[in-house]
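Breakdown of the fold
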Amino acid sequence: MKSFADLIKEGTVKDVAASSYSCKRVSIDDIAGKSIVILGIVENIKTEKGEGRTLVHFKNEETGEGKFFTNAKILKEQLTQIPANCYPITATVVKWRDGNKTLYKLV
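Residues numbered from 1 in each chain as written. Predicted model: local features only at pLDDT ≥ 70, side-chain atom pairs only at ≥ 80, totals over all residues. Heavy atoms only, no water.

Looking at the pattern of salt bridges
Two side chains that carry opposite charge are able to pair once their charged atoms sit near each other. Convention followed: By salt bridge we mean one thing: a side-chain nitrogen of Lys or Arg within 4 Å of a carboxyl oxygen of Asp or Glu. Helix and strand labels come from DSSP, where a helix needs a run of H or I of at least four residues and a strand needs a run of E of at least two; each type is numbered from the N terminus.
Counted by the stated rule, this structure contains two salt bridges. The residue D29 makes a salt bridge to K95 at a minimum N-O spacing of 3.1 Å. One end of the pair, D29, is in helix 2 (residues 28-31); the other, K95, is in strand 5 (residues 89-98), and 66 residues separate them in sequence.

In structure tokens:
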């Protein structure tokens, strides 16, 4: 019989409790406009705010290592285009208002 740990090693299931999940949670607004190093992402996470969220594991000089959840469409599309072997990668999360919506993207 296989163990859950074996399934993670084989890549059959995601290990969402990995290092990207054991750091402090911050608001995306706390890091907007600041340079961060994105260490990795975990897609399709269910949170108290709904399903389909993306967890972003990052670090920066000011806040240290952290994570934030996002459901921002543009940001999620950008993150899914980054190949897993390209992490870590530096970026800045940009925030702006469009009417009554708050939007986020990487630059």
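Some details on the nonpolar core
Across soluble globular proteins, you tend to see nonpolar side chains buried next to one another. Selection criterion: The set of buried Ala, Val, Leu, Ile, Met, Phe, Trp, Tyr and Cys residues whose side-chain atoms join them within 4.5 Å is what this entry labels a nonpolar core. The classification of residues rests on relative accessible area computed with a 1.4 Å probe and restricted to protein chains. Under 20% of the type maximum is buried, over 50% is exposed, and intermediate values are partly exposed. By definition in these notes, contact holds between two residues if any of their heavy atoms fall within 4.5 Å.
Of all hydrophobic cores here, the largest spans 17 residues; its most connected members are I38, F68, L75, L79, V93 and L106. Elements represented by at least two residues in this core include exactly helix 2, strand 2 (35-47), strand 3 (50-60), helix 3 (73-80), strand 5 and strand 6 (101-106). Not counting residues within four places of it along the chain, the set of residues in contact with V93 comprises I28, I31, A32, G33, K34, I36, F68, Y104, K105 and L106.

Describing the pairing of strand 4 (residues 64-70)
Note the threshold: A pair of strands is considered paired only if DSSP assigns at least 2 bridges between the two.
Within strand 4, five of the seven residues are buried, leaving the element largely enclosed by the surrounding structure. Strand direction decides the pairing type here: strand 1 (residues 24-25) and strand 4, joined by two bridges, are parallel. Its bridge partner being in strand 4, R25 is matched across the sheet by K67. With seven bridges connecting them, strand 3 and strand 4 associate as antiparallel partners.

Here's the deal with the sheet that holds strand 5
Put simply, the test is: Here an axis means a line fitted to C-alpha atoms, over the contact stretch when the element is a helix, while the angle between two N-to-C directions is reported on a 0 to 180 degree scale.
Spatially, 1-4-3-2-5-6 is the arrangement adopted by the six strands of the open sheet, whose pairing is mixed. Two strands close off the open sheet at either side, each with one partner strand: strand 1 and strand 6. Note that strand 5 and strand 6 share six bridges and pair antiparallel. From the neighbouring strand, W96 faces strand 6, where its bridge partner is L103. Strands in contact with helix 3 are strand 2, strand 3, strand 4, strand 5 and strand 6; relative to strand 6, the strand with the most contacts, it is inclined by about 20°.

Focus on the environment of E62
The following threshold applies: What qualifies as a polar contact is a pair of N or O atoms within 3.5 Å, subject to a donor-acceptor requirement within protein and to the restriction that residues adjacent in sequence count only when both atoms come from side chains.
Tracing the sequence through the fold places E62 in the loop between strand 3 and strand 4. For the pair formed by E62 and I31, sequence separation is 31 residues and the distance between their alpha carbons is 9.1 Å. Here the side chain of E62 touches K34 through a polar contact of 2.8 Å, side chain to side chain.

Overview of helix 3
Using the following cut-off: Directions are taken from the helix axis to each C-beta atom, and the arc is the one they span.
Taken as a whole, helix 3 has its buried residues at L75, K76 and L79. The buried side chains of helix 3 occupy one side of the element, clustering within an arc of 95° when seen end-on. Where helix 3 is buried, its residues contact helix 2, strand 2, strand 3, strand 4 and strand 6.

Quick look at the packing of aromatic side chains
To describe a pair of aromatic rings, you give the distance between the ring centres and the angle between the ring planes. This is how the line gets drawn: By convention, a stacked pair of Phe, Tyr or Trp rings (six-membered ring in the case of Trp) has centres within 6.5 Å and planes under 30 degrees apart, an edge-to-face pair has planes over 60 apart, and any other such pair is tilted. Should the NZ of a Lys or the CZ of an Arg lie within 6 Å of a ring centre and within 35 degrees of the ring normal, that charge is described as sitting over the ring.
Enumeration according to the criterion identifies one aromatic pair in this entry. Between F58 and F68 the ring centres are 5.8 Å apart and the planes differ by 55°, which places this aromatic pair in the tilted class. Highlighted residues: F58 in strand 3 and F68 in strand 4, separated in sequence by ten residues. Side by side, F58 and F68 carry an identical accessibility label, which is buried. Taking NZ or CZ as reference, K105 lies 5.6 Å from the ring centre of W96, over its face.

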